[in-house]
Amino acid sequence: MTTQAVLDDRYGRTRSPRRRIVQWSIVGIVALGLTVALGWITVSNTLGSVSTTDTGFTVADAQRVTISFQISAPVGKPVACALEAQDEDHGTVGWRVVEYPASQDHTQAFSEEIPTVALATTGFVNSCWVP
């Protein structure tokens, strides 16, 4: 006999299969509940998110850059975007926040001009959000 079996026999303990089934059922229910909660959090965060795609930029001169981009946002919600222009050392030389009204289109294309304080070498969408 193993040590555990000797101790169980000595103290009158018995291993009940019913108890084990109840324990595993509780563990399964808790795991299922956590999976459902994680799935709901993931879906609800995705429904309200805004994604952007930079489609190009044009450096006009040392005072302005034009950025072209597309945004995919929830239908019927206004969107705000932070646009940025940088120089060759990745320093910010221009910054602008633009707001767009709610639209019935999921994806829209825009072109915006950013004023700069020095010659920029790139322009892009820093981030977008639903205000």
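Everything below is about the structure printed above this text.
The structure reproduced in this document is the subject of the present report. (Residues numbered from 1 in each chain as written. Predicted model: local features only at pLDDT ≥ 70, side-chain atom pairs only at ≥ 80, totals over all residues. Heavy atoms only, no water.)

Moving on, we get to the overall build of the protein. For the protein, the count of helices and strands is two helices and six strands. When the helices and strands of the protein are read in sequence order from the N terminus, they spell out α-α-β-β-β-β-β-β. Computed over the C-alpha atoms, the radius of gyration of the protein is 29 Å, more than 25% above the 14 Å expected from 2.2 N^0.38 for a compact globule of 131 residues. Oriented by its inertia axes, the alpha-carbon framework of the protein measures out at about 90 × 40 × 20 Å. Taking all 131 residues of the protein together, 23% fall into the buried category. Of all intrachain contacts in the protein linking residues separated by at least 6 positions in sequence, the fraction that spans at least 24 positions is 62%. About 9100 Å² of surface is accessible on the protein, with carbon and sulfur atoms providing 58% of the total. Looking at the protein, you have 9 positive and 12 negative side-chain charges, and the mean spots of the two groups are 34 Å apart. (Helix = DSSP H or I, 4+ residues; strand = E, 2+ residues; numbered from the N terminus. Rg over C-alpha atoms; globule rule 2.2 N^0.38 Å. Buried < 20%, exposed > 50% of the residue type's maximum accessible area, 1.4 Å probe, protein only. Contact = heavy atoms within 4.5 Å. Areas by Shrake-Rupley, 256 points an atom, 1.4 Å probe, with all protein chains shown as cover. Lys, Arg positive; Asp, Glu negative; His and termini not counted. Charge placed at Lys NZ, Arg CZ, Asp CG, Glu CD.)

Further remarks concern the state of the cysteines. By the definition in use, this model includes one disulfide. Disulfide pairing places C81 opposite C128 at an S-S distance of 2.0 Å. Looking along the S-S bond of the C81-C128 disulfide, the torsion reads about 110°, which is the right-handed sense. Note that C81 is positioned in strand β3 (residues 79-86) and C128 in strand β6 (residues 122-129), a separation of 47 residues in sequence. We classify C81 as buried; its relative accessible area is 0%. (Disulfide = S-S within 2.5 Å.)

Glancing now at the sheet that holds β3. With antiparallel pairing, three strands are arranged side by side in an open sheet as β4-β3-β6. Here the strands that pair on one side only, and so sit at the sheet edges, are β4 (92-100) and β6. Along the sheet, successive strands turn relative to each other by an average axial angle of 20°, direction set aside. In the sheet, β3 pairs with β6 via seven bridges, with the strands oriented antiparallel. The residue bridging A85 from the neighbouring strand is G123, located in β6. (Pairing = 2+ DSSP bridges. Axes fitted to C-alpha atoms, helices over the stretch in contact; angles between N-to-C directions.)

This paragraph deals with the packing of aromatic side chains. Within a pair of aromatic rings, the relevant descriptors are the distance that separates the centres and the angle that separates the planes. Applying the stated criterion across every chain, the model contains two aromatic pairs. Ring centres of Y100 and F110 lie 3.8 Å apart, and the angle between their planes is 20°; on these two criteria the pair is classed as stacked. Residue Y100 is found in strand β4, and its partner F110 is found in strand β5 (residues 107-115); the two are separated by 10 residues along the sequence. In terms of burial, Y100 and F110 fall into one category: buried. (Phe/Tyr/Trp six-rings, centres within 6.5 Å; stacked < 30°, edge-to-face > 60°.)

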